[in-house]
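# Structural description and commentary
Read off the chains here:
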2 protein chains.
Amino acid sequence: MLFDRVAIIGLGLIGGSLARALKRASLCASVIGYGRRDAALRQAVRDGVIDHYSLDVREAVEGADVVVLATPLSTTENLMRAMNEGLKPGCIITDVGSAKGVVVAAARNALADRLPFFVPAHPIAGTEQSGVEASFAELFEDHVVIITPLAETDRDAGEKIAEMWRGVGAEVVELDVEHHDEVLAATSHLPHVLVYTLIDCLARMQDKQEIFDYAAGGFADFTRVASSSPEMWRDICLANSASLLAVLDRFEQHLERARQAIAAGEGDRLAEIFSRAKRARDEFARSRGR
Amino acid sequence: MLFDRVAIIGLGLIGGSLARALKRASLCASVIGYGRRDAALRQAVRDGVIDHYSLDVREAVEGADVVVLATPLSTTENLMRAMNEGLKPGCIITDVGSAKGVVVAAARNALADRLPFFVPAHPIAGTEQSGVEASFAELFEDHVVIITPLAETDRDAGEKIAEMWRGVGAEVVELDVEHHDEVLAATSHLPHVLVYTLIDCLARMQDKQEIFDYAAGGFADFTRVASSSPEMWRDICLANSASLLAVLDRFEQHLERARQAIAAGEGDRLAEIFSRAKRARDEFARSRGR
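Residues numbered from 1 in each chain as written. Chains lettered and ligands numbered in written order. Predicted model: local features only at pLDDT ≥ 70, side-chain atom pairs only at ≥ 80, totals over all residues. Heavy atoms only, no water.

## Examining the overall build of chain A
The helix and strand tally for chain A stands at 12 helices and 9 strands. Computed over its C-alpha atoms, the radius of gyration of chain A comes to 21 Å, within 12% of the 19 Å expected for a compact globule of 290 residues. With respect to the principal axes defined by its C-alpha atoms, chain A has extents near 65 × 40 × 35 Å. In chain A, of all internal contacts separated by at least 6 residues, the share reaching a separation of at least 24 is 74%. Carbon and sulfur atoms provide 46% of the accessible area of chain A, an area that totals close to 11500 Å². (Helix = DSSP H or I, 4+ residues; strand = E, 2+ residues; numbered from the N terminus. Rg over C-alpha atoms; globule rule 2.2 N^0.38 Å. Contact = heavy atoms within 4.5 Å. Areas by Shrake-Rupley, 256 points an atom, 1.4 Å probe, with all protein chains shown as cover.)

Quick look at the structure:
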């Protein structure tokens, strides 16, 4: 067995799915959950998602070999401070945050000499659902987990976290922190901002009801990400604001060129943009088999 | 049987699917297809999609009770002029274009005293695929077809086209031309422009390959519309440029507010935008049962 005791801090879609997957793969002897909703945690024990729970984070991490932070990004530093005294020597701390720079800064501030045992990680998996009720053990199968080790990161600690993720079916890759944050700003954070903003814009137009009534199937796909948790995405956008604003700038320059082509009736320029995009998208879809 | 002979001008995804659906529902005695690709049309006859074909549009419409225009918008007026002399008296002309103002203008220019027999229509159905190879008879089932009749439109002609669409499983609604074009600009044309532009923007970044490598499942959904035909979407964007640019302006104002909230770290304002969007999107999804 890879670990004896794993503590999962925040039992939402990701935390709950990891708990289920760890138990299904027998990667640890027991999983303890920390959260704020007593009833949900009690239900999670009854459902076998976790073995125990605590509403006190310091108590939750006691005796754990691994602590997995799976809460909204804005809570990271306070939780690290609150758990620090309860951690046993050599305990590995990892996380699942969608932005890594802010988590690493929190760890530098809060974990002090435990920093080498902090392994920043990000499973590229999820659905537009939230909460432990939506969790399932197969969530990470054939998905990528990005680990962004620091110069200080203990090599064995990093390898154990990689083993954990491979054990639940994921493929593990390494990126540096800054590169992770740039790449995710482009393919995940910016698309969420665009879709949330467009839906809000349309919902405030006068003929709102008709607009949604006559939306096609493509609209349902295009807007699916806007059913994700607003609080989680607020945290991600603020946590990764520098990379997000940089790629938003770049996008707006491209959008301005598309607008000019439309306004000027320049069909060739417009077809050129659309054709390049279709080629890139088709290539992406082929590489994913969908 | 509703019609004796139906001519489908342009045998792509929509034209091909309508041909299949008409034949399956026995709504007409024969379907003739017009197109430019001889081999594809010959194959379509072999596959039973159509009964006959012609590479000459005037010949294709001869003797037809109904002519359905299903070609890119930029070809509409020329095709109407080319077919005009071949139409039998009382022949109903209809179309499937995603923008209606431009098609109505073309009809006013090209159809002269046949205008009352022109019924502008738009089936809100499709996939990101193109071509008769991707067509299927069930495409229109439980989808909406918007008819945008003119003051001059013959009532019986309009009712026959509505019957045709109901006969292949669609729900028929009426909107006026301007309203159609505003609504579709918001839910279909603008999303296509945003996604094509974003993908082109990302594909031209230096770390392009990694960007797509680490994209999550949400990205595949969000970007699916960018696999649609660039030529078709160029035509749609130019054909509906006034409504499209108006909703793009509005969107950019909202985007600017979101940017300011991110740059200023105003979490409450950002969460407010995202929460309103999530409520609207969840409501939309519930109304569609997906």
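Picking up after the structure, the text goes on.
## Quick word on the packing of aromatic side chains
Summed over the entire model, instances satisfying the criterion amount to 11 aromatic pairs over all chains. With a centroid separation of 6.0 Å and 55 degrees between ring planes, the pair formed by Phe212(A) and Phe219(A) is classed as tilted. Seen from their ring centres, Phe140(B) and Trp165(B) are 4.9 Å apart, and the 75 degrees between their planes marks the pair as edge-to-face. With Phe140(B) in the loop between β7 (121-123) and β8 (144-147) and Trp165(B) in helix α6 (residues 155-167), this residue pair connects regions lying 25 residues apart in the sequence. An identical accessibility class is assigned to Phe140(B) and Trp165(B); each is buried. Through a chain of ring-to-ring contacts, three or more aromatic side chains come together here, namely Phe212(A), Phe219(A) and Phe284(B). (Phe/Tyr/Trp six-rings, centres within 6.5 Å; stacked < 30°, edge-to-face > 60°. Buried < 20%, exposed > 50% of the residue type's maximum accessible area, 1.4 Å probe, protein only.)

## Quick notes on the interface of chain A and chain B
Taken together, the contact between chain A and chain B spans 88 residues of the former and 88 residues of the latter. Interface area, chain A with chain B, both sides summed: about 8200 Å², of which 68% is carbon and sulfur. It is Tyr214(A), Phe274(A) and Arg281(A) in chain A that bury the most area against chain B; as a group they hold 10% of the surface buried on that side. Between chain A and chain B we count 8 salt bridges in total. (Buried area = accessible area lost by both parts, 1.4 Å probe. Salt bridge = Lys/Arg side-chain N within 4 Å of Asp/Glu carboxyl O.)

## Focus: the pairing of strand β5 (residues 92-95) of chain B
Along any regular strand the residues' side chains alternate between the sheet's two faces. All names here are of chain B. Going residue by residue along β5, you find Ile92 and Thr94 tucked away on one face and Ile93 and Asp95 tucked away on the opposite face as well. Judged from the 4 bridges that link them, strand β4 (residues 66-69) and β5 form a sheet pairing that is parallel. By the bridge assignment, valine 67 is partnered in β5 with isoleucine 93. When β5 meets strand β6 (residues 118-119), the two strands line up parallel, connected through 2 bridges. By the bridge assignment for β6, isoleucine 93 is matched with phenylalanine 118. (Pairing = 2+ DSSP bridges.)

## Let's talk about the relation of the copies chain A and chain B
The operation relating the pair of chain copies consists of a rotation about an axis and a translation along that axis. Take chain A, turn it by 180 degrees, move it 0.0 Å along the axis, and it overlays chain B with an RMSD of 0.0 Å. Such a combination of turn and shift is consistent with a two-fold rotation axis. Ranked by how close their C-alpha atoms come to the rotation axis, the residues of chain A are headed by Phe222(A), at 2.1 Å. By residue overlap, the copies meet face to face through one surface: 100% of the interface positions of chain A are interface positions in chain B. (Least-squares fit on C-alpha atoms with pLDDT ≥ 70 in both.)

## What to know about the nonpolar core
Counting residues in hydrophobic clusters, the biggest one holds 150 residues, and the most contacted among them are Ile9(A) and Ile9(B). Contact partners of Ile9(B), with chain neighbours within four places excluded, come to Tyr34(B), Val57(B), Ala60(B), Val61(B), Val67(B), Val68(B), Leu69(B), Ala70(B), Thr71(B), Leu79(B) and Met83(B). In this structure, Leu27(A), Val66(A), Val119(A) and Ala162(A) belong to the second largest nonpolar core, which totals 40 residues. (Core = buried A, V, L, I, M, F, W, Y, C linked by side-chain atoms within 4.5 Å.)

## Notes on the sheet that holds strand β6 (residues 118-119) of chain A
Residues and elements named next belong to chain A. Taken in spatial order, the 6 strands line up as β3-β2-β1-β4-β5-β6 in an open sheet, and their pairing is parallel. Strands at the two margins of the open sheet, each flanked by one partner only, are β3 (52-54) and β6. Where strand β1 (residues 3-9) meets strand β4 (residues 66-69), 4 bridges bridge the pair, whose relative direction is parallel. Among the inter-strand pairings, alanine 7 is bridged to a residue of β4, identified as valine 67. Its contacts with the sheet put helix α2 (residues 38-46) on β2 (28-34) and β3, and the angle it makes with β3 is roughly 165 degrees. On the sheet, helix α6 (residues 155-167) packs against β1, β4, β5 (92-95) and β6 and is oriented at approximately 50 degrees with respect to β5. (Axes fitted to C-alpha atoms, helices over the stretch in contact; angles between N-to-C directions.)

## Quick word on the side chain of Asp65(B)
All names here are of chain B. Residue placement: aspartate 65 occurs in the loop between α3 (57-61) and β4. When its relative accessible area of 17% is taken as the criterion, aspartate 65 is described as buried. Separated by 2.8 Å, the side chains of aspartate 65 and lysine 88 make a polar contact. Discounting chain neighbours no more than four positions away, the residues touching aspartate 65 are Phe3, Asp4, Arg5, Lys88, Cys91 and Ile92. (Polar contact = N/O pair within 3.5 Å; in protein donor to acceptor, adjacent residues only side chain to side chain.)

## Here we look at unusual backbone geometry
All names here are of chain B. Despite not being glycine, serine 26 shows a phi value in the positive range, around 50 degrees. By the element assignment, serine 26 lies in the loop between α1 (13-24) and β2 (28-34). For serine 26, a relative accessible area of 43% puts it in the partly exposed group. The phi torsion at aspartate 142 lies on the positive side, around 60 degrees, for a residue other than glycine. Among the secondary structure elements, aspartate 142 is positioned in the loop between β7 and β8.

## As for the packing of helix α11 (residues 241-263) of chain A against helix α12 (residues 267-288) of chain A
Residue and element names in this part refer to chain A. In the contact formed by α11 and α12, the axes pass within 8 Å of each other and the chain directions differ by 140 degrees. By the angle between their axes, α11 is oblique relative to α12. Considering the relative orientation of α11 and α12, their crossing is left-handed. Touching Arg257, Ala258, Gln260, Ala261 and Ile262 of α11 are Arg269, Leu270 and Ile273, all from α12. (Parallel < 35°, antiparallel > 145°, perpendicular 65-115°, else oblique. Left-handed = near helix turned anticlockwise from the far one by under 90°.)

## Regarding the confidence of the model for chain A
In this model, chain A carries a mean pLDDT of 95, and residues with pLDDT of at least 70 account for 99%. Overall fold confidence for the complex sits at a pTM of 0.92, while the interface term, ipTM, reaches 0.91. (pLDDT = per-residue confidence, 0-100.)

## Here's the deal with the sheet that holds β7(B)
Pairing between the strands of a sheet is mediated by backbone hydrogen bonds and can be parallel or antiparallel. Residue and element names in this part refer to chain B. Taken together, the 3 strands give an open sheet; going across it, the order is β7-β8-β9, and neighbouring strands pair in mixed fashion. The strands lining the two open edges of the sheet, one partner per strand, are β7 and β9 (171-174). Mean inter-strand twist for the sheet, computed between neighbouring axes without regard to direction, equals 20 degrees. As paired elements, β8 and β9 share 4 bridges and run parallel to each other. Looking across to β9, one finds that isoleucine 147 is bridged to glutamate 174. Packed on one face of the sheet, α6 meets β7, β8 and β9 and runs near 170 degrees to β8.

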